[in-house]
Amino acid sequence: MKKISILGSTGSIGTQTLDIVTDHPDKFQVVGLATGNNIQLLSEQIRQFRPQIVAINNEGQLEDLKSLISDLDYTPIILAGKEGVIEVARYGDSESVVTGIVGCAGLLPTIAAITAGKDIALANKETLIAGGPVVLPLVEKHRVKLLPADSEHSAIFQCLQGVPTGGLKKIILTASGGAFRDLPVEKLPQVTVADALKHPNWSMGRKITIDSATLMNKGLEVIEAHYLFGVDYNAIDIVIHPQSIIHSLIELQDTSVLAQLGWPDMRLPLLYALSWPERIYTDWEPLNLVKAGSLTFKEPDHQKYPCMGLAYAAGRAGGAMPAVLNAANEQAVALFLEEKISFLDIPRVIEKVCDRFAIHNTSTPSLDDILAADNWARQEVSNCLIANLV
Ligand SMILES: NC(=O)c1ccc[n+]([C@@H]2O[C@H](COP(=O)([O-])OP(=O)(O)OC[C@H]3O[C@@H](n4cnc5c(N)ncnc54)[C@H](OP(=O)(O)O)[C@@H]3O)[C@@H](O)[C@H]2O)c1
Ligand SMILES: C[C@](O)(CO)[C@H](O)COP(=O)(O)O
Ligand SMILES: [Mn+2]
């Protein structure tokens with residue numbers, strides 16, 4: 001029985017993780033749950049999974065949450081605010097923490113979990129992209145496992161099992177192409193939020209779905225792969241694969257290529273991040289290659305989707321620049337979702353903010369440097385828009 005805690009339990013990653021627990025009650029037990037605002041769903045999760053500790057980030061929801069579970073025959077520890085979420089991350093005898101919080105808000109809870117000796121099932125990619133220079137040394141210092149739950153990085157990790165040191169030559173990240181993959185570039189200025197949220201293959205949270213539409217998700221995943229697998233940016237490629245059946249590939253020194261395939265279903269990478277090195281039987285629909293049909297590939301269009309290039313540049317700049325890219329993207333996507341900026345303003349403002357940060361960057365940022373850069377970038381997005389610089 002593996003004891004786990006889930007950060008972001010009411011979101012797409014969190015609920016799919018709880019689906020896995022429901023499917024395998026003999027394998028997994030929930031110790032803690034944390035979320036942002038959704039007390040109704042959190043209260044239902046408390047009833048079903050009976051965690052020892054829960055937290056709601058929005059402190060104004062604490063009393064209403066307590067009311068929703070006042071009839072229960074047990075009372076979990078109920079906390080609120082950032083500190084409450086951090087406490088869930090580090091609490092008790094959980095072995096693994098699934099990081100399903102969206103955005104850099106997951107950074108401090110993840111650091112708390114690592115420091116408490118918890119293995120990390122990493123879905124919250126922003127934590128690694130922004131905090132990699134600090135997170136990776138902590139993972140090593142506390143001898144915990146950082147296991148990828150992102151589908152591409154899970155695929156790469158699975159393919160790497162058994163590959164000898166020095167055997168890896170190149171990583172090939174697959175990308176669906178997102179909501180606008182078949183849209184002519186001249187139509188992008190008019191696209192709406194609703195258009196951008198129509199992902200062709202995956203059902204995900206709003207922010208990452210927009211990131212898939214701008215291809216920033218793939219750019220972030222390039223940085224994520226660099227940190228997770230220690231591979232140089234020149235050896236990380238992107239290929240558009242509209243079917244999302246091949247979840248990524250690795251090329252070895254002898255030119256052999258290994259790939260991991262499956263239906264577009266996040267439960268599988270999540271399960272493997274929790275079961276590794278074991279493989280757990282599931283009754284889920286097996287992949288049927290004939291049913292999947294043709295698998296096609298094409299070059300990514302960097303002119304149509306400049307976010308990929310911005311991410312490569314930020315990754316190569318290193319230091320706190322990935323944190324600035326990530327924060328500017330989070331802020332720009334939030335403004336797009338609020339219909340305050342256009343779809344094409346997203347890469348424009350990110351580029352402007354990153355350009356302005358270059359002279360401030362430091363090659364070995366501390367946690368405080370990363371948090372300060374994150375905060376600066378979010379403010380700089382507003383400054384650029386107010387000054388009509390995009
Ligand atoms: N969804 C996928 O298939 C997928 C695949 C790969 C990687 N990821 C990554 O996984 C992360 C989560 O994505 P998602 O799609 O699951 O997002 P989502 O559906 O929007 O869920 C986000 C979760 O985080 C919670 N949350 C937000 N801010 C919080 C805070 N400050 N403290 C505590 N909880 C907070 C939300 O709570 P409320 O619901 O109460 O607001 C919700 O439970 C992202 O980093 C994403 O890039 C997702
Ligand atoms: C499901 C996924 O792993 C989320 O990161 C996948 O990457 C989303 O698809 P896309 O290829 O980025 O559109
Ligand atoms: Mn992914």
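Please read these numbers as outputs of a predicted model, since none were measured by experiment.

## Focus: the coordination of the manganese ion (ligand 3)
Ligation of the manganese ion (ligand 3) by protein atoms is provided by Asp150 (OD), Glu152 (OE) and Glu221 (OE), these donors lying 2.0 to 2.2 Å from the ion. Each donor residue of the manganese ion (ligand 3) lies on the same chain, and together they follow the pattern D-x1-E-x68-E. In terms of burial, Asp150 and Glu152 fall into one category: buried.

## Considering the confidence of the model for the protein chain
Scored by pLDDT, the protein chain has a mean of 98; 100% of the residues are at 70 or more. Confidence, expressed as mean pLDDT per element, reaches its minimum in the protein chain at helix α16 (residues 367–386) with 96 and its maximum at strand β1 (residues 2–7) with 99. Under the prediction, the complex receives an ipTM of 0.99, its pTM being 0.98.

## Concerning helix α7 (residues 151–160)
Of all ten residues in α7, nine are buried; the element is thus mostly enclosed. Among all positions of α7, only Ser151, Glu152, His153, Ser154, Ala155, Ile156, Phe157, Gln158 and Cys159 are buried. Where α7 is buried, its residues touch β7 (146–148), β8 (168–175), α10 (216–229), β10 (246–252), β11 (257–261) and α11 (267–275). Where α7 terminates, the next one or two residues include Gly162, which has phi positive at roughly 90°.

## Observations regarding the layout of surface pockets
Looking at the second largest pocket, its volume works out to about 410 Å³. Every residue lining the second largest pocket is counted, 23 residues in all, and those nearest its centre are Gln260, Gly262, Leu268, Thr282 and Trp284. Listed by contribution, the elements that provide at least two residues to the lining of the second largest pocket are α7, β11 and α11. Tallying contributions element by element places α11 first for the lining of the second largest pocket, with six residues. Broken down by class, the residue content of the lining of the second largest pocket amounts to eleven nonpolar, eight polar and four charged.

## Structural notes on the UniProt feature "domain: DXP reductoisomerase C-terminal" (unreviewed entry) in the protein chain
Within the UniProt annotation, "domain: DXP reductoisomerase C-terminal" (unreviewed entry) is assigned to residues 261–379. Taken end to end, residues 261–379 is 56% helix and 1% strand, and its two terminal C-alpha atoms sit 41 Å from one another.

## Here's the deal with the nonpolar core
Membership of the largest hydrophobic core comes to 127 residues, with the highest contact counts inside it found for Ile171, Leu325, Phe343, Ile346 and Ile350. For this core, the element with the highest residue contribution is helix α14 (residues 321–337), accounting for eleven residues. Not counting residues within four places of it along the chain, the set of residues in contact with Phe343 comprises Phe180, Leu188, Val191, Ala213, Thr214 and Phe336.

## Some points on the pairing of β11
Pairing between β10 and β11: four bridges, direction antiparallel. Bridge pairing in β11 links Ile250 to Leu258. Linking β10 back to β11 in an antiparallel pair, the connection comprises four residues, with Thr255 at a positive phi of about 75°.

## Some thoughts on the site of ligand 2
Among the 15 residues in the neighbourhood of ligand 2, the closest are listed as Ser151, Glu152, Ser176, His199 and Asn217. Measuring from an oxygen atom of ligand 2, one finds a side-chain N or O atom of Asp150 at 2.9 Å. Contacts to ligand 2 include Ser176, whose side-chain N or O atom sits 2.6 Å from an oxygen atom. Burial of ligand 2 by the protein chains amounts to 96% of its free accessible area of 340 Å². Elements with a contribution of two residues or more to the shell around ligand 2: α7, α9 (206–214) and α10. For the shell around ligand 2, the element with the most residues is α10, which contributes three residues.

## Concerning the sheet that holds strand β9 (residues 236–240)
The four strands are arranged β9-β8-β10-β11 in an open sheet whose pairing can be described as mixed. Of all strands in the sheet, those with a lone pairing partner are β9 and β11, marking the two edges. On average, adjacent strands in this sheet sit at an angle of 20° to one another, irrespective of strand direction. In the packing of α7 onto the sheet, contacts are made with β8, β10 and β11, and the angle to β10 comes to roughly 40°.

## Observations regarding the pattern of salt bridges
Overall, the coordinates contain 23 salt bridges when judged by the stated rule. Close ionic contact of Arg267 with Asp23 constitutes a salt bridge, the shortest N to O distance being 4.0 Å. Taken together, the positions of Arg267 in helix α11 and Asp23 in helix α1 (residues 12–23) put the pair 244 residues apart, joining distant regions of the chain. Through salt bridges with shared partners, a single network forms among Lys125, Asp150, Glu152, Lys218 and Glu221.

## What about the site of ligand 1?
In the vicinity of ligand 1 lie 25 residues, with Thr10, Ile13, Asn37, Asn38 and Glu126 positioned nearest. At 2.9 Å from an oxygen atom of ligand 1 is found a side-chain nitrogen or oxygen belonging to Thr35. In the environment of ligand 1, an oxygen atom lies 2.6 Å from a nitrogen or oxygen atom belonging to the backbone of Asn37. For ligand 1, whose unbound accessible area comes to 900 Å², protein coverage reaches 85%. For the shell around ligand 1, the per-class residue count stands at nine nonpolar, 13 polar and three charged.

## Side note on α14
Taking 1.5 Å of rise per residue, the 17 residues of α14 would be expected to cover 24 Å, and the 24 Å separating its terminal C-alpha atoms lies within 8% of that figure. Along α14, 15 of the 17 residues are buried, which leaves the element largely enclosed by surrounding structure. Of the residues one or two after α14, Glu339 is the one with positive phi, at around 60°.

## Observations concerning the sheet that holds strand β3 (residues 53–56)
If you walk across this open sheet you meet the seven strands as β4-β3-β2-β1-β5-β6-β7, and the pairing is parallel. The open sheet has two edge strands with one neighbour each: β4 (77–80) and β7. Strand-to-strand, the axes of this sheet are offset by a mean angle of 20°, without reference to chain direction. Sheet topology places β1 next to strand β2 (residues 28–35); six bridges connect them, and they run parallel. Residue pairing across strands places Lys2 opposite Phe28, the latter belonging to β2.

Cut-off values and rules
- Residues numbered from 1 in each chain as written.
- Chains lettered and ligands numbered in written order.
- Predicted model: local features only at pLDDT ≥ 70, side-chain atom pairs only at ≥ 80, totals over all residues.
- Heavy atoms only, no water.
- Donors = N, O, S within 2.8 Å, 3.2 Å for Na, K, Ca; no water.
- Buried < 20%, exposed > 50% of the residue type's maximum accessible area, 1.4 Å probe, protein only.
- pLDDT = per-residue confidence, 0-100.
- Helix = DSSP H or I, 4+ residues; strand = E, 2+ residues; numbered from the N terminus.
- Contact = heavy atoms within 4.5 Å.
- 1 Å grid on protein atoms, 1.4 Å probe; cavity = no way out; pocket = protein on both sides within 12 Å on 5 of 7 lines; lining within 4 Å.
- Points joined across faces, edges and corners; volume = space filled by probe spheres on them.
- Nonpolar A, V, L, I, M, F, W, Y, C, P; charged D, E, K, R; others polar.
- UniProt positions renumbered as here; feature names shortened; annotations may be inferred.
- Core = buried A, V, L, I, M, F, W, Y, C linked by side-chain atoms within 4.5 Å.
- Pairing = 2+ DSSP bridges.
- Near = heavy atom within 4 Å.
- Polar contact = N/O pair within 3.5 Å; in protein donor to acceptor, adjacent residues only side chain to side chain.
- Areas by Shrake-Rupley, 256 points an atom, 1.4 Å probe, with all protein chains shown as cover.
- Axes fitted to C-alpha atoms, helices over the stretch in contact; angles between N-to-C directions.
- Salt bridge = Lys/Arg side-chain N within 4 Å of Asp/Glu carboxyl O.
- Expected span 1.5 Å × (residues − 1).

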